[in-house]
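Observations on the model geometry
Each chain, letter by letter, is given below.
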Amino acid sequence: MAALILWGHALAALAFGLLALGALRAAPAQKDRGVTLAALLTALWALAVAGIGAGDVAARVTECLRDLAWLAVLLAAVRGRRSGGLSLYAVYAVAATLTAAAGLLAMLGVLPLPHAAREAIGELRLIAVMLAAVAGLMLAHHVASSESATPHPALPLAVALGGLWGIDLIVAMLAYGLGAAPPQAIAMRGFAVTGVALVLAVRRRVHGLAVSHGVVLRGISLLAILSYAGATVLLTQFAGRYAGDAVRLVQTAIILGATTALITLLSTPWLRAWLKVKVAKHFFRHRYDYRAEWQRFTATLGAPGADPLDRRIVRAIADLTGSPAGLLLVPDGNGLGVGAAWQWQEAGGGEAALRDHLATSARIVELDQVRRGDAPADEAAVIPDWMRESADAWALVPLIHGASLIGAILLARPPIDRALDWEDFDLLRVAGRQAASYLAEDRAHAALADAARFDEFNRRFAFIMHDIKNLVSGLSLVARNAERHADNPDFRADMVATLRDSADRMNGLLARLSQHHRASAEPVQPVDLAALALRLAAARRAQHPVQVSGSGVAMAQPGRLEQLLGHLLQNAIEASPAGAAIALIAGGDAQAAFVEVIDHGCGMSAAFIRDQLFRPFASSKPGGFGIGAYEARQLADDMGGTLTVVSREGEGTCFRLTLPAARLLEHAA
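Residues numbered from 1 in each chain as written. Predicted model: local features only at pLDDT ≥ 70, side-chain atom pairs only at ≥ 80, totals over all residues. Heavy atoms only, no water.

1. A short note on the overall build of the protein
Stated formally: In this text, helices come from DSSP runs of H or I with a minimum length of four residues, and strands from runs of E with a minimum of two, each type numbered from the N-terminal end. Each residue is assigned to one of three classes by its accessible area relative to the maximum for its type, calculated with a 1.4 Å probe on protein chains only: buried under 20%, partly exposed between the two thresholds, exposed over 50%. The contact definition used throughout considers only heavy atoms, calling two residues in contact when any of these lie within 4.5 Å. For the accessible areas, the method is Shrake-Rupley and the probe is 1.4 Å, while residue cover comes only from the protein chains on display.
For the protein, the count of helices and strands is 22 helices and 12 strands. Within the protein, the fraction of its 669 residues that count as buried is 41%. Considering only intrachain contacts with a sequence separation of at least 6, the fraction spanning at least 24 residues in the protein is 68%. With an accessible surface of roughly 35100 Å², the protein has 61% of that area assigned to carbon and sulfur atoms.

As structure tokens, then:
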């Protein structure tokens, strides 16, 4: 430990000696005699600690002279730039007086006085050192908070001196509590003071140094932990003096309790959020460190992983305000539907009025203002009830791309509740537009992919049409020759073979077309839904169990209706585990008839139903075109019906086809 003290302070003396030499040799316009003198005194103090010892009167007096010189440098750096008034100069005077008093007490401590008097003088000196360090930290904080928005050479100076006086305060606290400063703390001070010299060297090279929110937050956290540890040491020392025979038990309880409390505090998200708010409020003119926030925002958006883009967007915007959850609302029909959610549980959508209001105003909605009745009347009228009643709903951020509303993100209330201010609005507005551009680009890529799939489908269909043309040509030739050679047995045999081959080839083409094949137009007529369901169930009885119940008669095209229900039934069979029966339920009233296809398979998410299920070419099957559900909805629309779906992941799916009911004519007897 003695070697660490020696080398640490020798290194500090070298660093400050070089700093003083650099200041002395600077250009005339950049010379600073105050910095030169203060750096020389700091180097002398470090040499005294390294060569004589921290407890020697020479080291203590030099330390006081060092602090007086740095106070003068700090005052000269900020004088004329801030109107601190008499109160500011009073703090400088108090700090200088306490520092000088500590030096005088250090010299009195070497006089031939009684032991009790020397102990009292030593304690008074430590108190003066601690008070002077606290005053110095207050002055450094004043300069740092004043200069952070407009960087100036005084800012790194304040940061460096804050570190110097902070480590002095810690060492003095430990010396006061323990009776003498621990060698470990003295050794640590030597290396810390070397770091102070490096910060001051940076000050000499650049015109300003912007201290980030993160650096201040970590610095305060480190100082708090060190203070916490120092307080724990002081408590154990007091217990050693006054606990008597139970000293071991009391000290163990203090250490265990302090450690448990510290771990609990460090693991509390609320404490971190509270500390960030206080640091931004009291140390900086702006709440956000925009460079760091934007880097984190873009990193979250571009991070590859399991989360899709829309969920990453929700998380990126929620992280800006420290919100623990978020929900994406997207245009859906005439309103806003529920999209991707990040740590959000139950939610609803929004009506067309909310979508139109966000699109035209582009305003960020502060929901607490709506609840208090302070929001504009047109804005308060469009907020849905579920959003008002949710205590976690905090702000609604529209995502505007050009003149279009791409969506809106609902943010949850941060752990430390607060009202939105102009910085929140500005940052969320810019981030919302950036996120909207990402979403719009992603949707454009999806549209291009669909167009590419259509192009591929058209190319495949062109080959099929070529084969059909060849088949039609062959059959036409057979038909023409049949008029002349129908009585020839050999011709009839060839004709039968040709027809059989053509039929096989056409069946192969139909298999290749699969669900893309459309039947010819049929007239709309009454269709017994129960009978049709029984026929479909019987046809698939060997594949999967299907239960049929209910009754109803609908107006529909029988062939198209059978094709539609066949698609839904086949999808239900493929989604269901073996042995889990599928239900076909028919029903209706005088106005509408319906058929429900219910399975207990894997189910689908709300996002998949909204974005993928009814899109052409969106298929989960390898090599599939994904036309089944898309064609089913088209068939339902063509017959004047509707196809809806309700599904939960892990529970199953219910497709409901609703058609106009058949009005049965009553025949008179």
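2. Some words on the sheet that holds strand S1 (residues 326-332)
So the rule is basically this: Strand pairing requires that DSSP identify at least two bridges connecting the strands.
One open sheet holds the five strands; their spatial order is S2-S1-S5-S4-S3, and the pairing between them is antiparallel. The open sheet has two edge strands with one neighbour each: strand S2 (335-342) and strand S3 (365-366). Looking at chain direction, S1 and S2 are connected through six bridges and run antiparallel. Note on S2: the bridge partner recorded for Val330 is Gly337.

3. Observations regarding the packing of aromatic side chains
The line we're drawing: Pairing of aromatic rings covers Phe, Tyr and Trp, the last counted by its six-membered ring, and requires centre-to-centre distances within 6.5 Å; plane angles under 30 degrees mean stacked, over 60 mean edge-to-face, and any other angle means tilted. Geometrically, a charge over a ring is one whose NZ (Lys) or CZ (Arg) sits within 6 Å of the ring centre while staying within 35 degrees of the ring normal.
Summed over the entire model, instances satisfying the criterion amount to one aromatic pair. The lysine or arginine in question, Arg66, covers the ring of Trp45, its NZ or CZ lying 4.6 Å from the ring centre. The cationic tip of Arg633 hangs over the ring face of Phe614; the distance from NZ or CZ to the ring centre is 3.7 Å.

4. Quick look at helix H13 (residues 352-361)
For clarity, the cut-off: Directions from the helix axis toward the C-beta atoms define the arc.
Among all positions in H13, only Leu354, His357 and Leu358 are buried. The buried side chains of H13 occupy one side of the element, clustering within an arc of 95° when seen end-on. Of the surrounding secondary structure, the elements contacted by the buried residues of H13 are S2, S3, helix H15 (377-382), strand S4 (393-401) and strand S5 (404-412). Backbone geometry just downstream of H13 places Ala362 in the positive-phi region, at approximately 55°.

5. Some details on unusual backbone geometry
What you tend to see is this: most non-glycine residues have negative phi, and most peptide bonds are trans. For Gln343, which is not glycine, the phi dihedral falls at a positive 60°. Within the secondary structure, Gln343 is located in the loop between S2 and H13. The phi angle at Ala362 is positive, at roughly 55°, despite the residue not being glycine. Looking at where Ala362 falls in the secondary structure, it is placed in the loop between H13 and S3.

6. Points about the pattern of salt bridges
Basically, it comes down to this: Whenever a carboxyl oxygen of Asp or Glu lies within 4 Å of a side-chain nitrogen of Lys or Arg, that contact is scored as a salt bridge.
Taken as a whole and judged by the stated rule, the model has 14 salt bridges. Among the salt bridges present, the one from Asp368 reaches Arg371, with a minimum N-O distance of 2.7 Å. Of the two residues, Asp368 and Arg371 both sit in helix H14 (residues 367-372), three residues apart, roughly one turn of that helix. For Arg371, a relative accessible area of 30% gives the class partly exposed. One continuous salt-bridge network, built from bridges that share partners, spans Glu63, Arg66, Asp67, Asp168 and Arg189.

7. Description of the nonpolar core
Just so we agree on the cut-off: Note on terminology: a nonpolar core comprises buried Ala, Val, Leu, Ile, Met, Phe, Trp, Tyr and Cys residues joined through side-chain atoms within 4.5 Å.
The biggest cluster of nonpolar side chains holds 46 residues, and the ones touching the most others in it are Phe16, Trp70, Leu74, Tyr92, Leu157 and Leu200. Broken down by secondary-structure element, the contributors of at least two residues to this core are helix H1 (2-24), helix H2 (33-51), helix H3 (57-78), helix H4 (85-108), helix H5 (115-147), helix H6 (154-178) and helix H7 (183-205). For this core, the leading source of residues is H2, giving nine residues. Counting residues in hydrophobic clusters, the runner-up holds 36 residues, among them Leu565, Ala632, Leu635 and Ala636.

8. Let's talk about the confidence of the model for the protein
The criterion, for reference: Per-residue confidence from the predictor is given as pLDDT, running between 0 and 100.
Taken residue by residue, the protein gives an average pLDDT of 78. The fraction at 70 or more is 77%. Note that pLDDT drops below 50 for residues 515-519; the model gives that stretch 16 contacts with residues more than four away or on any other chain. Segment residues 665-669 is flagged for pLDDT under 50; beyond a separation of four residues in sequence, or across chains, it makes zero contacts in the model.

9. A look at the pairing of S2
Most of S2 is tucked away: six of the eight residues are buried. What sits between S1 and S2 in their antiparallel hairpin is a turn of two residues, with Gly333 showing a positive phi close to 65°.

10. A look at the pairing of strand S10 (residues 592-599)
The element S10 is extensively covered by neighbouring structure, given that six of its eight residues are classed as buried. Hairpin connection of strand S9 (residues 582-588) to S10: three residues between the antiparallel strands. Of the strand pairs in this sheet, S10 and strand S12 (residues 652-660) are connected by eight bridges, and their pairing is antiparallel. Paired with Glu596 across the strands is Arg656, a residue of S12.

11. Overview of the sheet that holds S9
Hydrogen bonds along the backbone pair up the strands of a sheet, which may run parallel or antiparallel. What counts here: For helices, the axis comes from a line fit to the C-alpha atoms of the stretch in contact; other axes are also lines fit to C-alpha atoms, and the angle between any two N-to-C directions lies between 0 and 180 degrees.
Taken in spatial order, the five strands line up as S7-S9-S10-S12-S11 in an open sheet, and their pairing is mixed. If you trace the sheet from one side to the other, it starts and ends with strand S7 (546-550) and strand S11 (642-648), each paired once. Taking the axes of each pair of neighbouring strands and ignoring which way they run, one obtains an average angle of 15° across the sheet. Sheet analysis places S11 next to S12, joined by seven bridges and oriented antiparallel.

12. Topic: the packing of H2 against H3
As a reminder, the rule being used: These descriptions rest on fixed angle ranges, namely under 35 degrees for roughly parallel, over 145 for roughly antiparallel, 65 to 115 for roughly perpendicular, and the rest for oblique. If you view the pair so one helix is near and one far, a crossing is left-handed when the near helix is turned anticlockwise from the far one by less than a right angle, and right-handed when it is turned clockwise.
Contact geometry of H2 with H3 gives a least axis separation of 8 Å together with a crossing angle of 160°. Looking at the two axes, H2 sits roughly antiparallel to H3. Relative to H3, the crossing made by H2 is left-handed. Where H2 abuts H3, its residues Gly34, Val35, Ala38, Ala39, Leu41, Thr42, Leu44, Trp45, Ala48 and Val49 lie against Ala59, Thr62, Glu63, Leu65, Arg66, Ala69, Trp70 and Val73.

13. Comments concerning H2
Inclusion rule: One less than the number of residues in a helix, times 1.5 Å, gives the span that helix is expected to have.
If you check H2, its first and last C-alpha atoms are 27 Å apart, about what 19 residues at 1.5 Å a residue would give, namely 27 Å. For H2, the full list of buried residues reads Val35, Thr36, Ala38, Ala39, Leu41, Thr42, Ala43, Trp45, Ala46, Ala48, Val49 and Ala50. One or two residues past the end of H2 sits Gly53, with phi positive at roughly 135°.

14. Section: a nonpolar patch on the surface
Inclusion rule: A patch is a set of surface residues, each over 30% in relative accessible area and not in a salt bridge, joined within 9 Å for like charges and within 5 Å for the nonpolar side chains Val, Leu, Ile, Met, Phe, Trp and Tyr.
Taken together, Met1, Leu4, Leu11, Leu14, Leu18, Leu21 and Phe191 make up a surface patch of nonpolar side chains, about 650 Å² in accessible area. Counting residues per element, the nonpolar patch draws most heavily on H1, at five residues.

15. Some remarks on the environment of Met555
Checked against the element boundaries, Met555 lands in strand S8 (residues 553-556). Residue classification places Met555 among the partly exposed positions, given a relative accessible area of 24%. Residues Met555 and Gly640, 85 residues apart in the sequence, show an inter-C-alpha distance of 9.1 Å. Once you skip the residues sitting within four places of it in the chain, Met555 turns out to touch Val524, Gln525, Pro526, Leu659, Pro660, Ala661 and Ala662.

16. Quick word on the packing of H1 against H2
We apply this condition: Throughout this entry, Asp, Glu, Lys and Arg are counted as charged residues, while Ala, Val, Leu, Ile, Met, Phe, Trp, Tyr, Cys and Pro are counted as nonpolar. The remaining residues, Gly among them, count as polar.
The geometry of H1 relative to H2 is characterised by a closest axis approach of 8 Å and an angle of 160° between their N-to-C directions. With respect to each other, H1 and H2 are oriented roughly antiparallel. Crossing of H1 over H2 shows left-handed handedness. Contacts between H1 and H2 involve Ile5, Leu6, His9, Ala10, Ala12, Ala13, Phe16, Gly17, Leu19, Ala20, Ala23 and Leu24 on the former and, on the latter, Val35, Thr36, Ala39, Leu40, Thr42, Ala43, Trp45, Ala46, Leu47, Val49 and Ala50. When the residues that make up the contact of H1 with H2 are grouped by side-chain class, the tally is 19 nonpolar, four polar and no charged.

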